[in-house]
Amino acid sequence: MSWAKLKIRRKSAEQIDKMAASGQILASVFMEVRGMVEPGITTGEIDSRLETMIRDAGCTPSFKGYHGFPASACISVNEEVVHGIPGDRTLEEGDIVGIDIGLIKDGWHADSAETLPVGEVTGEAARLLEVTEESLWRAIGAIAPGRRLSVIGTAVETLAREEDFSVVETLVGHGIGQQMHEDPQVPNYRCFSMPDPVMDEGLVIAIEPMINVGTKRVVTLADGWTVVTADRKLSAHYEHTVAVTADGASVLTERPRRSVREAQ
Ligand code: MG
Ligand code: MG
């Protein structure tokens, strides 16, 4: 991708309001999903329940059928980084489960993810969740009109390194609007091989750090979807859809932060 070919579709205030409406429905779905995650539930059951919520709200689940993806959410357990396919797997005490959901309302997309503990988790797992969520919020805090996009990757990578974790580089965030994936790509690390545009008011992006306990390397399983860490150690993923505003950033999928420490 060359600089000249980068096609960023900036949104008007009115369009951002529509995206915020999509985002707030998705936020309410997540608030319900948090209550579903407990030992004994299958990932397929979580998926079918959240799909019903999305459709009952008059929205369309954007992942279902996307390049043939069979479900409404990507549900990724433990060493699974992203793109896990919901099914018969039963969540067990001590697992961590990443849930990534996209929906469309009135033609506008929202995309968000969080990784949740199943019952009591190890101290390392709890720290991974906290650090990954915090890295997303530090990235959001670094956004301002006139700054370059790379402040996001710098914020995520700096915190991950301080904590001796690694950042997945082969999967990145993205522009979002009437398409789920628009320009620009949004790396979670300092990347010198991708365009680094200046962020202007009206840019809307999905920021989605994926942080690993061990190696940053990932592989895709034979199902063609599920991405796992190469060393099969834990990984976590958080994502928000964020609009650049005159004075910073507006988190369109915002909901109360879930503190892992509080829950334990
Ligand atoms: Mg997502
Ligand atoms: Mg995304």
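It should be noted that the structure appears before, not after, this text.
Model, not experiment: these values are computed from the prediction.

> Sorry if this is basic, but what is going on with the pairing of strand E9 (residues 204-207) here?
Remember that side chains alternate between the two faces of the sheet whenever the strand is regular. Here E9 shows a buried face lined by Val-204 and Ala-206 and a second buried face lined by Ile-205 and Ile-207. Relative to E9, strand E7 (residues 173-175) runs antiparallel, the two sharing two bridges. Within E9, the residue paired with Gly-175 across the bridge is Ile-205. Examined bridge by bridge, E9 and strand E14 (residues 240-245) share four bridges and lie antiparallel to one another. When the bridges of E14 are listed, Ala-206 appears paired with Thr-241.

> Help me understand the side chain of Asp-100 in this model?
Considering the arrangement of structural elements, one finds Asp-100 in strand E4 (residues 96-105). Nearest to the buried, unbridged Asp-100 among oppositely charged side chains is Arg-255, at 8.5 Å. Dropping the residues within four chain positions of it, Asp-100 is found in contact with Phe-63, Ala-73, Cys-74, Asp-111, Ser-112, Ala-113, Glu-208, His-237 and Glu-239.

> Help me understand empty space enclosed by the protein in this model?
One way to see where empty space is left: roll a probe the size of a water molecule over the atoms. Overall, the coordinates contain four cavities of 30 Å³ or more when judged by the stated rule. Lining the largest cavity are 13 residues, with Glu-114, Glu-133, Trp-137, His-240 and Arg-255 positioned closest to its centre. Put simply, the parts of the chain that give the lining of the largest cavity at least two residues each are strand E5 (108-117) and helix H3 (123-141). Considering each element in turn, the lining of the largest cavity owes the most residues, three residues, to H3. Residues of the lining of the largest cavity, tallied by class, amount to five nonpolar, one polar and seven charged.

> Which parts of the structure should I look at to understand the coordination of the magnesium ion (ligand 1)?
Octahedral metal centres with six donors ideally show angles of 90 or 180 degrees, and tetrahedral centres with four donors ideally show 109.5 degrees. Within the protein, the atoms that donate to the magnesium ion (ligand 1) are Asp-100 (OD), Asp-100 (OD), Asp-111 (OD) and Glu-239 (OE), at distances of 2.0 to 2.6 Å. Between consecutive donor residues of the magnesium ion (ligand 1), the sequence gaps follow D-x10-D-x127-E. The metal-metal distance between the magnesium ion (ligand 1) and the magnesium ion (ligand 2) is 3.2 Å, with Asp-111 coordinating both. Of this pair, Asp-100 sits in strand E4 while Asp-111 sits in strand E5, and the two are eleven residues apart along the sequence. Of the two residues, Asp-100 and Asp-111, both sit in the buried class.

> Looking at this structure, how should I read the coordination of the magnesium ion (ligand 2)?
In this structure, Asp-111 (OD), His-174 (NE2), Glu-208 (OE) and Glu-239 (OE) serve as the protein donors to the magnesium ion (ligand 2), at separations of 2.1 to 2.3 Å. Mapping the donors of the magnesium ion (ligand 2) onto the primary sequence gives the spacing D-x62-H-x33-E-x30-E. For Asp-111, a relative accessible area of 2% corresponds to the buried category.

> Would you take a moment to explain the state of the cysteines for this structure?
Each disulfide consists of one covalent bond between the sulfur atoms belonging to two cysteines. Counted by the stated rule, this structure contains zero disulfides. Here Cys-59 is not cross-linked by a disulfide; its sulfur's nearest cysteine counterpart is in Cys-74, at 18 Å. A relative accessible area of 7% means that Cys-74 is categorised as buried.

> Where do I start with the environment of Lys-64 in this structure?
Mapped onto the elements, Lys-64 comes out in the loop between strand E1 (60-61) and strand E2 (73-77). Here the alpha-carbon distance between Lys-64 and Gly-102, two residues 38 residues apart in the chain, equals 9.1 Å. Leaving out residues up to four positions away in the same chain, Lys-64 has contacts with Glu-51, Arg-55, Phe-69, Pro-70, Ala-71 and Ser-72.

> Help me understand the environment of Asp-196 in this model?
Looking at the element boundaries, Asp-196 is found in the loop between strand E8 (182-186) and E9. Using a relative accessible area of 17% as the deciding quantity, one classes Asp-196 as buried. When the C-alpha atoms of Asp-196 and Val-244 are compared, they prove to be 15 Å apart, with 48 residues separating the residues in sequence. From its side chain, Asp-196 meets the backbone nitrogen of Leu-149 in a polar contact 3.2 Å long. A polar atom in the side chain of Asp-196 sits 2.7 Å from the side chain of Ser-150.

Quick notes on the rules
Note on numbering: residues in each chain are counted from 1, in written sequence order. Written order determines the labels here, with chains lettered from A and ligands numbered from 1. In view of the model being predicted, local features appear only for residues whose pLDDT reaches at least 70, and side-chain atom pairs are presented and counted only at 80 or more, with totals across whole chains, interfaces and linings using the full set of residues. Derived side-chain values reflect all non-hydrogen atoms in the structure, with water molecules and hydrogen atoms excluded from consideration. Relative accessibility decides the category of a residue: with a 1.4 Å probe and only protein chains considered, values under 20% of the type maximum give buried, values over 50% give exposed, and everything between is partly exposed. Numbered from the N terminus, helices here are DSSP runs of H or I no shorter than four residues, and strands are runs of E no shorter than two. In short, DSSP must find at least two bridges between two strands for them to pair. We count Lys and Arg on the positive side and Asp and Glu on the negative side, and we leave His and both chain ends out. What makes a salt bridge here is a side-chain nitrogen of Lys or Arg within 4 Å of a carboxyl oxygen of Asp or Glu, nothing more. When checking whether two residues touch, look at their non-hydrogen atoms; a contact exists if any pair is within 4.5 Å. Cavities and pockets were defined on a 1 Å grid built over protein atoms only: a cavity is a set of grid points that admits a 1.4 Å probe from which the probe cannot escape, a pocket is an open set flanked by protein on both sides within 12 Å along at least five of seven lines, and lining residues are those with an atom within 4 Å of any such point. Grid points are joined across faces, edges and corners, and a volume is the space filled by probe spheres set on the points. In this classification, Asp, Glu, Lys and Arg are treated as charged, Ala, Val, Leu, Ile, Met, Phe, Trp, Tyr, Cys and Pro as nonpolar, and every other residue, Gly included, as polar. Note on donors: an N, O or S atom is included if it sits within 2.8 Å of the metal, or within 3.2 Å for Na, K and Ca, and water is never included, so sites can look incomplete. In this description, a disulfide is simply a cysteine sulfur pair whose atoms lie within 2.5 Å. Counted as a polar contact is a pair of N or O atoms within 3.5 Å, where, for protein atoms, one must be capable of donating a hydrogen and the other of accepting one, and residues adjacent in sequence contribute only when both atoms are in side chains.

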